[in-house]
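A structural walkthrough
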Amino acid sequence: MSSRIEIAGRTVGPGQPAFVIAEVAQSHDGSLGMAHAFIDTAAACGADAIKFQTHIAAAESTLDEEFRVKFSRQDETRFDYWRRMEFSPEQWAGLAAHAAEKGIVFLSSAFSVAAVELLRELGLAAWKVGSGEYRSDDLWQAMAAGGAPILLSTGMSEWREIEAAVERVRELGAPLALFQCTSRYPTALEHVGLNIIDDLRRFGCPVGLSDHSGSVHPSLAALARGADMIEVHLTLDRRLFGPDVPVSLTPPELTLLCEARDALVTMAQNPVDKDAMAADLREMRGLFSKSLAPTRTLSAGTQLTADMLTAKKPGTGIPTAELDDVVGRRLVADVGPERLLRREDLDDQP
């Protein structure tokens, strides 16, 4: 077991920056040009990886498969839809090359052994397994053959099924990471299950959140809880067509998420010495704290009582903590409420 894995030379796990994956799924709607536009956008937003889905209709589906949501006006069947989502091996290679040019890791979920074989030719740095493939031992075997990490979503799994999947993937010798995921589209905030991220840590591997809420808030909260990975759907615009648009983040929201990731890294890598910081803020401490000051005009020779003194800014005079030491002393000069009491205003009596 290892609490860390490597993805394209990047260490993923506790103490490392969260690995942010921008999920395209089928939001390109079968347009190769749109798929390339997603790569440009995800890279510009600061994501670590761009993830597609590789569907080969004849290898994974039949005419018996129903639409999850009947949204398409041009596809008679779900099979037809998957076929329209297909890209050729050369087109997939072009997408992977484009991602490399942009400095972003190219990933794609495979839904058949044929898709695994296609993607293996591209040298995938990791394999993302969708929640629906929690029983797909044939896919896990094909993926594990190359030694790359398997990133497993748990959105449809019971604990006993997660345990069995973890055991099996480790038997196959593949590095493993787990995502908390809720397979509802969109996911209501009360169903996100941030607590499960913590529970998944018992498997001793990197853990994260694969979110379908369409809101940036779950991912920001997961970052704050120390998630090692974040996967979010991306849409170029909420007015675009497709079933994944309502569950997706917009480019400004993805940018915010990536900025939050970087900000957390900066804070985590720079622990603060509280006493040293207080010393550095000496001038500020003086401005914001208070000192002893007269409540009214007092003449020289007055013996001070507590009701004659109050606390006023700045804190550069006699500290208020010394009130008991000042009470009973006599003034050697006239003082007024417009300034702080000074040590030279007092007689030498301790």
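Above: the structure in question.
Definitions and cut-offs
Residues numbered from 1 in each chain as written. Predicted model: local features only at pLDDT ≥ 70, side-chain atom pairs only at ≥ 80, totals over all residues. Heavy atoms only, no water. Helix = DSSP H or I, 4+ residues; strand = E, 2+ residues; numbered from the N terminus. Contact = heavy atoms within 4.5 Å. Buried < 20%, exposed > 50% of the residue type's maximum accessible area, 1.4 Å probe, protein only. Polar contact = N/O pair within 3.5 Å; in protein donor to acceptor, adjacent residues only side chain to side chain. Pairing = 2+ DSSP bridges. Salt bridge = Lys/Arg side-chain N within 4 Å of Asp/Glu carboxyl O. Right-handed = clockwise from strand over helix to strand, strands pointing away. Core = buried A, V, L, I, M, F, W, Y, C linked by side-chain atoms within 4.5 Å. Axes fitted to C-alpha atoms, helices over the stretch in contact; angles between N-to-C directions. Left-handed = near helix turned anticlockwise from the far one by under 90°. Nonpolar A, V, L, I, M, F, W, Y, C, P; charged D, E, K, R; others polar. Phe/Tyr/Trp six-rings, centres within 6.5 Å; stacked < 30°, edge-to-face > 60°. Lys NZ or Arg CZ within 6 Å of the ring centre and 35° of its normal.

**Details of the environment of Ala125**
Mapped onto the elements of the fold, Ala125 is located in the loop between helix 5 (113–120) and strand 6 (127–129). Taking the C-alpha atoms as reference, Ala125 lies 7.2 Å from Leu107; in sequence the two are 18 residues apart. Those residues in contact with Ala125, other than ones at most four positions away along the chain, are Glu6, Ile7, Ala8, Val105, Ala148 and Pro149.

**Here's the deal with the side chain of Ser291**
Mapped onto the secondary structure, Ser291 falls in strand 12 (residues 291–294). By relative accessible area, which is 0% here, Ser291 ends up buried. At 3.3 Å, the side chain of Ser291 forms a polar contact with the backbone nitrogen of Thr316. Sequence-distant contacts of Ser291, defined by excluding residues within four places in its chain, comprise Thr310, Ala311, Lys312, Pro314, Gly315, Thr316, Gly317, Ile318, Thr320 and Leu340.

**Things to note about the pairing of strand 3 (residues 19–25)**
In terms of burial, strand 3 is a largely internal element, seven of the seven residues being buried. Neither face of strand 3 is left uncovered, since the one carrying Phe19, Ile21, Glu23 and Ala25 and the one carrying Val20, Ala22 and Val24 both have all their residues buried. Two elements, strand 3 and strand 10 (residues 229–234), share five bridges in a ladder whose sense is parallel. Counted as the bridge partner of Ile21 is Glu231 from strand 10. Bridging between strand 3 and strand 4 (residues 49–54) involves four bridges; their strand directions are parallel. Across the sheet, residue Ala22 finds its bridge partner in strand 4, namely Ile50.

**Here we look at the side chain of Gln53**
You can see Gln53 is positioned in strand 4. Filtering out sequence-adjacent residues up to four positions away, Gln53 remains in contact with Glu23, Ala25, Gln26, Trp92, Ser108, Ser109 and Phe111.

**A short note on helix 3 (residues 78–85)**
Within helix 3, six of the eight residues are buried, which leaves it mostly tucked inside the rest of the structure. Looking at the buried positions of helix 3, the neighbouring elements they touch are helix 2 (57–60).

**Description of the pattern of salt bridges**
One pass over the structure, following the stated rule, counts 22 salt bridges. Among the salt bridges present, the one from Arg168 reaches Asp137, with a minimum N-O distance of 2.5 Å. Residue Arg168 is located in helix 7 (residues 159–171), and its partner Asp137 is located in helix 6 (residues 137–144); the two are separated by 31 residues in the primary sequence. Arg168 serves as the salt-bridge partner of Glu171, at 3.3 Å between the closest nitrogen and oxygen.

**Focus on the pairing of strand 8 (residues 176–181)**
Of all the six residues making up strand 8, six are buried; the element is thus mostly covered by neighbouring parts of the structure. Covered by surrounding structure in strand 8 are Leu176, Leu178 and Gln180 together with Ala177, Phe179 and Cys181, the residues of both alternating faces. Where strand 7 (residues 150–153) meets strand 8, four bridges bridge the pair, whose relative direction is parallel. The residue of strand 8 that forms the bridge with Leu151 is Ala177. Note on the crossover from strand 7 through helix 7 to strand 8: the handedness is right-handed.

**Notes on the nonpolar core**
If you look at the biggest cluster of nonpolar residues, it comprises 61 residues, and the most contacted ones within it are Ile50, Phe106, Trp127, Leu178, Ile230, Leu254 and Leu257. What Phe106 contacts, discounting residues up to four positions off in sequence, is Ile50, Phe52, Trp92, Leu95, Ala96, Ala99, Leu119, Leu122 and Leu124. Counting residues in hydrophobic clusters, the runner-up holds 14 residues, among them Phe19, Leu107, Leu151 and Phe179.

**Brief notes about unusual backbone geometry**
With an omega of 0°, the peptide bond running from Tyr185 to Pro186 counts as cis. Along the chain, the position of Pro186 falls in the loop between strand 8 and helix 8 (194–200). Cis geometry is adopted by the peptide bond preceding Pro314, which originates at Lys313 and carries an omega value of 0°. Looking at the secondary structure, you find Pro314 in the loop between strand 13 (309–312) and helix 13 (323–326). For Asp29, which is not glycine, the phi dihedral falls at a positive 55°. Mapped onto the secondary structure, Asp29 falls in the loop between strand 3 and helix 1 (32–45). We classify Asp29 as partly exposed; its relative accessible area is 22%.

**Notes on the packing of helix 6 against helix 7**
For any two helices packed against each other, the geometry comes down to the angle between their axes and how far apart the axes lie. Relative to each other, helix 6 and helix 7 sit at 35°, their axes nearing to 10 Å. The chirality of how helix 6 crosses helix 7 is right-handed. Across the interface between the two elements, Asp137, Trp140 and Gln141 from helix 6 touch Ala165, Arg168 and Val169 from helix 7. Its residues placed into classes, the contact of helix 6 with helix 7 shows three nonpolar, one polar and two charged.

**Observations regarding the packing of aromatic side chains**
To describe a pair of aromatic rings, you give the distance between the ring centres and the angle between the ring planes. Under the criterion given, the structure shown has six aromatic pairs. Between Tyr81 and Trp82, the aromatic rings sit 5.4 Å apart at their centres with planes inclined by 45°, giving tilted as the arrangement. By the burial criterion, Tyr81 is buried, and Trp82 matches it. Of the aromatic side chains, those joined through ring pairs into one cluster are Phe52, Phe87, Trp92 and Phe106. Positioned above the aromatic ring of Phe179 is the side chain of Lys128, whose terminal nitrogen or guanidinium carbon lies 5.1 Å from the ring centre.

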